[in-house]
Amino acid sequence: MQLRDTIVALATPAGRSGIGIVRVSGDNAAAIAAAVLGYPSQPWQSWQAQLGLLKDADGETVDQVIVTYYEAPRSYTGENVVEIACHGSPVILAFCVDALVRAGARPAEPGEFTLRAFTSGRIDLPRAEAIRDLIESTTIYQAKIASQQANGSLARHLQPVKQQILQLIAMLEAGIDFAEDATSEIDIPGASQILPVLEAAHTQVSGLASSYELGRYVHEGLHLAIVGRPNVGKSSLFNALLKQERAIVTAIPGTTRDLVSERASIGGIPVRLMDTAGIRTSEDLVEKLGIERSYAAIADADLTLLVLDLSSELTPEDHHLLQRVANSGAFLVVGNKSDRPVQAAVNLPFLAVSARSGQGLEALRAAIVAQVSPTDGIQASQGLITNARHAGLLQQSANSLKRAMDAESQRLPHEMLLIDLYAALRYIDELTGATTADDILNRIFSSFCIGK
Ligand SMILES: Nc1nc2c(ncn2[C@@H]2O[C@H](COP(=O)(O)OP(=O)(O)OP(=O)(O)O)[C@@H](O)[C@H]2O)c(=O)[nH]1
Ligand SMILES: [Mg+2]
């Protein structure tokens, strides 16, 4: 990517809309836009909107537009930015972009506006990534977390740890330098001083890294499979959780024969709910194939809801499934049809619900969230890692700090400790983008859309 030239792209979706915004960024943004809009040489006031006319080569007006100018450095990219709000017709918007290109701007590459915000130092890398997540958010909870990150919450959380590590490095380096000078009065720091600092930094960093357990679900969504023997009310529960009549429900066992999947939001976490075929021994070919898929769904799910029918006695199929589910990861047992007299003797913890009356569904939703949230109620404000890259680097930084702790406990020379401390610091710097390699930057920014 050439970073000095002026770039242009449509910043809004390419369809028909009330308005569509074309964004121009770079040293010559104002001059190029002025040429297209036929403005006199210096009409620009930063942070003010003004009217403009978009004209064709013959001087005929194509659209009346609103133009906003953001003078560097107080703009999204940190460069001069002009945003032209046209009426939202795809032909007008394409015409506007073309005119700007003819006047000297270059079509922007995916993520190039945000890349410029990063390279001009306006935002760090986690903030750039959070802007992408914000745009792609599908639940308000996701948006809130991304929005906090876009405001720099991760850097704020890491700053104190980074300071601690830096101080420790300075102290150890000084100790090593002066140790050679036998007459020196400088105290060489001992384990009693170093270990607590290391421990505190390690707790912080590894705590942040482990918040990815929940953060991953917030970002990528949770796969939730609803399984059970035929007729226990899986499809009814599926519909009730979705709040829509999506899957077919009948009193005939074996109604659902294929996986039915739908997206929902549970406690702000995006969830892919999967309704499955009731599991039993069957000679019917289609049903058998469906049942195979039910087993596959259990294997693929992050969390399985095993549904029992409380209004009838448990069957060997129920017991078989309980065992099966218990052996394949996280699960919750749901006792459905609690609106009817209870016949089933369930001797393990379960949540009583009625898909028909809605009773117990709130508690079920809360239990689903609690299952994926390791320390209950991690508040977004405490810093939640939602990005695999961040989680990986934090884990590596935590590992280095752990190694430093071990080195100190074993009273290894401080040179050894310093190697681990520098490594811990390097991972944090890579996370914030202070020392991130170009190919990683390219990979991150190319995952953006054009116009971002
Ligand atoms: N009383 C009562 N009946 C329910 C409840 N949930 C489901 N049912 C009834 O149970 C029957 C089976 O419901 P489904 O949701 O189709 O059951 P399923 O587990 O999907 O069945 P298959 O797809 O055949 O495996 C239907 O007649 C539902 O109306 C409930 O909470 N209370
Ligand atoms: Mg069903």
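For every chain, the first residue of the written sequence is number 1, and numbering continues from 1 along that sequence. The naming scheme follows written order: chains are lettered A onward, ligands numbered 1 onward. Side-chain atom pairs in this predicted model are given and counted only at pLDDT of 80 or more, local residue features only at pLDDT of at least 70, and totals for whole chains, interfaces and linings cover all residues.

1. A short note on the overall build of the chain
Only DSSP runs of H or I reaching four residues or more are called helices, and only runs of E reaching two or more are called strands; each is numbered from the N terminus. Summing up its helical and strand segments, the chain has 15 helices and twelve strands in all. Over its C-alpha trace the chain gives a radius of gyration of 29 Å, far above what one expects of a compact globule, namely 22 Å for 452 residues. To assign burial, the other C-beta atoms lying within 10 Å of each residue's own C-beta are counted, with C-beta atoms placed from the backbone; 20 or more indicates buried, 12 or fewer indicates exposed, and intermediate counts indicate partly exposed. Looking at the chain residue by residue over its 452 residues, the buried ones come to 40%. With the radius of gyration taken over C-alpha atoms, the globule rule is written as 2.2 Å times the number of residues to the power 0.38.

2. Looking at the pairing of strand β4 (residues 61–70)
Any two strands between which DSSP finds at least two bridges are classified as paired. Here strand β3 (residues 48–55) runs beside β4; their pairing, made up of eight bridges, is antiparallel. Residue pairing in the sheet places Ala49 in a bridge with Thr68 of β4. Connecting β3 to the next strand, β4, in antiparallel fashion are five residues, including Gly59 with a positive phi near 85°.

3. A word on helix α13 (residues 388–409)
Expected helix span is given by 1.5 Å per residue-to-residue step, counting one fewer step than there are residues. Given a rise of 1.5 Å per residue, 22 residues ought to cover 32 Å, and the 31 Å separating the end C-alpha atoms of α13 matches this to within 8%. Buried within α13 we find His390, Ala391, Leu393, Leu394, Ser397, Ala398, Ser400, Leu401, Ala404, Ala407 and Glu408.

4. Let's talk about the nonpolar core
Side chains of a nonpolar character, in soluble globular proteins, are inclined to be buried together. A set of buried residues qualifies as a nonpolar core if it consists of Ala, Val, Leu, Ile, Met, Phe, Trp, Tyr and Cys joined through C-beta atoms within 7 Å. Grouped together as the largest cluster of nonpolar side chains are 116 residues, with contacts concentrated most on Val22, Val24, Ala33, Leu100, Val227 and Leu306. Apart from the residues lying within four places of it in its own chain, the contact partners of Val22 are Val8, Leu10, Ala11, Ile84, Cys86, Leu93, Cys96, Val97 and Leu100. Two residues form a contact once the distance between their C-beta atoms, set from the backbone, is within 7 Å.

5. Let's talk about the site of ligand 1
Placing a C-beta atom from the backbone of each residue, we mark the residue near a molecule or strand if the atom is within 6 Å of it. If you check the shell around ligand 1, you find 23 residues, and the closest are Gly233, Ser235, Ser236, Thr256 and Gly278. Examining the composition of the shell around ligand 1, we find that three residues originate from one element, helix α9 (residues 234–242), more than from any other. For this scheme, ten residues count as nonpolar: Ala, Val, Leu, Ile, Met, Phe, Trp, Tyr, Cys and Pro. Four count as charged, namely Asp, Glu, Lys and Arg, and the remainder, Gly too, count as polar. Looking at the shell around ligand 1 residue by residue, the class counts come to six nonpolar, twelve polar and five charged.

6. Brief notes about the domain arrangement of the chain
Entries for the chain in the domain assignment read domain 1 (7–123), domain 2 (153–211 + 382–433) and domain 3 (220–372). Centre-to-centre separation of domain 1 and domain 2, based on C-alpha positions: 46 Å. Each domain's extent was defined by an automatic or database domain assignment.

7. So, the sheet that holds β4
Pairing within the open sheet is mixed, and its six strands lie in the order β3-β4-β5-β2-β1-β6. Whereas interior strands pair on both sides, the edge strands pair on one side only; in this sheet they are β3 and β6 (106–107). Here helix α1 (residues 29–37) sits on the sheet and contacts β2 (17–25), β3, β4 and β5 (81–88); the angle it forms with β5, its principal contact strand, is near 35°. Comment: axis = line fitted to C-alpha atoms, over the contacting stretch for helices; angle = value between 0 and 180 degrees taken between N-to-C directions.

8. A word on the pairing of β5
Both β2 and β5 contribute to a ladder of eight bridges, which runs antiparallel. Across the sheet, the residue bridging to Val24 is Val82, located in β5. Pairing of β4 with β5 involves five bridges; the strand directions are antiparallel. Note that in β5 the partner of Val67 across the bridge is Ile84.

9. A few points about the sheet that holds strand β11 (residues 331–336)
If you walk across this open sheet you meet the six strands as β8-β9-β7-β10-β11-β12, and the pairing is mixed. For this open sheet the edge positions go to β8 (260–266) and β12 (351–352), each flanked by a neighbour on one side alone. Two strands pair when backbone bridges link them, and β8 and strand β9 (residues 269–275) are joined in this way by seven bridges, in the antiparallel orientation. Across the sheet, the residue bridging to Glu262 is Leu273, located in β9. Across the sheet, helix α10 (residues 285–300) touches β7 (222–227), β9 and β10 (303–309), and the angle it forms with β7 is around 145°.

10. Looking at the packing of helix α3 (residues 112–119) against helix α4 (residues 125–136)
The contact between α3 and α4 brings their axes to 9 Å, and the two run at 160°. It follows from the interaxial angle that α3 and α4 lie roughly antiparallel. The interaxial crossing formed by α3 with α4 has right-handed handedness. Only Leu125, Ala128 and Ile131 of α4 make contact with α3, whose side of the interface consists of Thr114, Ala117 and Phe118. Tallied by class, residues from the contact of α3 with α4 come to five nonpolar, one polar and no charged. Put simply, angles under 35 degrees are roughly parallel, angles over 145 are roughly antiparallel, angles from 65 to 115 are roughly perpendicular, and the rest are oblique. A clockwise turn of the near helix away from the far one marks a right-handed crossing, whereas an anticlockwise turn of less than a right angle marks a left-handed crossing.

11. Some details on unusual backbone geometry
The residue after Ala72, namely Pro73, is reached through a cis peptide bond having omega 0°. Along the chain, the position of Pro73 falls in the loop between β4 and β5. The phi torsion at Lys243 lies on the positive side, around 60°, for a residue other than glycine. Along the chain, Lys243 turns up in the loop between α9 and β8. Among the residues examined, Lys243 registers 10 C-beta atoms within 10 Å and is labelled exposed. The residue Lys337 is not glycine, and still its phi comes out positive at about 65°.

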